[in-house]
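Spelled out, the chains give:
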Amino acid sequence: MKYQSLFYILLFFTAHPVLSQQNPERPQVHIGGALRFNYNYSDWNQAHRDQWGQFGYDVFLLHPTASYKGFLLDADFRFYSTAFGGFMLKYGWIGYRFSEHDHIEVGLTKVPFGIHPASGNNFFFQISYYVGLEDDSDMGIKYVHEDGKWEYAAAFFKNADELLFSANDETSDDRYGYDVAGRNKEVNQWNAQVIRKFGTTAKQKAGVSGLFGQLYNLDTRKKGTRFAFALHYVIDWKNWNLKAQFSTYALHPKNAPGENRNLVSMTAYGAPYQVAAKANIYTLSFSHNFPLKSQWLQNILLYHDFGLLQKRNCCFKNSVQNVSGLMMTMGPVAVYIDYAMGKHHAWLGPDWDAFGPGQGSNSWHSRFNINIGYYF
């Protein structure tokens, strides 16, 4: 019944643009999306070594947008495999545009923190993503301003995207962006971000982001705190791009007596893990764009992205991510080819809680990945 209702909603969105063209007084609606497949060879996976990797379904996504007399809608529905969380809403909000430069968003809206839309270029994002500080959306209200020189945003988030509404339910694992999970839940979070744009020959953006919120513990019924701060810089010069970011975070949960407060559970894609409660993050990304005149290949983007999670606990080992790769654009088709290396990295190694103590394998591990998507 749930999927039947969703089908009718999507049918409405896909049919509605035709009505909009016939009657300009109707909402202007557009629907996009993608179908993606993924090849993965992980050197620590014996089955991958035996089979020379695995190739399978990644995601089908739908991206409807709409506007009508200043009112806005923007959403991203995703259908992953069951093992990776199944159906989820990456973001979805209703807004209102006050002027050419100012609007508000209400709903599951993107948290204004760090370089956006992402601080890296590769299929795996940057290491900030895996501790909930990149490409994350929460439930609340956000004000956004953007003009030729400034971008700034202020937001209040009541909680992370809530799927289970009982007072004692833990945060669901079926989500796109990483959120605090287990016996703690994100509540009452404030965010602010300011970005200054300057330069003509080399276009630059320098910004600062801040986050402060609470952590509600289901056992003690007490609220701890969390905060994060980031400095970020982006420069585009000719076909070159550089992104640099420093961020720091700390989570102070009010756990039950005897529970470890140096680790916090986080979850996404159907699988929770432990992360260090306090850390600094350093990321640096380079890329070069090669426009081409070929009929079937229009562009190649070469990139190298590096990220370090420096845990502020003397007993924990730092986590490192290093990705070299390229993205090819062929009309509506985009192909990512990545060689990703990780050390004490949950997704790039055999130790699932590597973002916590990192006491497992002390070796570098690698993953060769090809992602193919048709975007419409």
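Here the structure is a predicted model, which means the values were calculated and not measured.

A short note on the overall build of the protein chain
Now for step 1: A count of helices and strands for the protein chain gives 2 helices and 19 strands.
Now for step 2: By its C-alpha atoms, the protein chain is 65 × 50 × 50 Å across when sized along the principal axes.
Now for step 3: Within the protein chain, contacts between residues separated by at least 24 positions form 60% of all contacts whose residues are at least 6 apart in sequence.
Now for step 4: Accessible surface computed for the protein chain: about 18,200 Å², of which carbon and sulfur atoms make up 62%.
Now for step 5: Computed over 34 positive and 31 negative side-chain charges, the separation of the two mean positions in the protein chain equals 4 Å.

Remarks on the environment of Ala268
Now for step 1: Locating Ala268 in the fold gives a position in strand β13 (residues 263-268).
Now for step 2: Ala268 sits in the buried class, given a relative accessible area of 0%.
Now for step 3: A C-alpha to C-alpha distance of 5.0 Å links Ala268 and Tyr178, two positions 90 residues apart in sequence.
Now for step 4: Non-local contacts of Ala268, meaning those with residues more than four positions away in its chain, are made with Asp173, Arg175, Tyr176, Gly177 and Tyr178.

So, the sheet that holds strand β8 (residues 179-180)
Now for step 1: Judged by pairing direction, the sheet is antiparallel, and its 3 strands sit side by side in the order β8-β13-β14 without closing on themselves. Edge positions in the open sheet fall to β8 and β14 (271-276), since each of these has one partner strand only.
Now for step 2: Across 2 bridges, the pairing between β8 and β13 is antiparallel. Within the sheet, the bridge partner assigned to Val180 lies in β13 and is Met266.

Some details on the nonpolar core
Now for step 1: With 49 residues, the main nonpolar core has Tyr130, Tyr178, Tyr249, Tyr273, Leu309 and Phe355 as its most contacted residues.
Now for step 2: Here Tyr273 is in contact with Tyr130, Tyr178, Val264, Ser265, Met266, Ala346, Trp347, Trp352, Asp353 and Phe355, once residues within four sequence places are set aside.
Now for step 3: Residues Ile31, Leu62, Phe77 and Phe79 belong to the second largest nonpolar core, which totals 5 residues.

About the criteria used
Residues numbered from 1 in each chain as written. Predicted model: local features only at pLDDT ≥ 70, side-chain atom pairs only at ≥ 80, totals over all residues. Heavy atoms only, no water. Helix = DSSP H or I, 4+ residues; strand = E, 2+ residues; numbered from the N terminus. Contact = heavy atoms within 4.5 Å. Areas by Shrake-Rupley, 256 points an atom, 1.4 Å probe, with all protein chains shown as cover. Lys, Arg positive; Asp, Glu negative; His and termini not counted. Charge placed at Lys NZ, Arg CZ, Asp CG, Glu CD. Buried < 20%, exposed > 50% of the residue type's maximum accessible area, 1.4 Å probe, protein only. Pairing = 2+ DSSP bridges. Core = buried A, V, L, I, M, F, W, Y, C linked by side-chain atoms within 4.5 Å.

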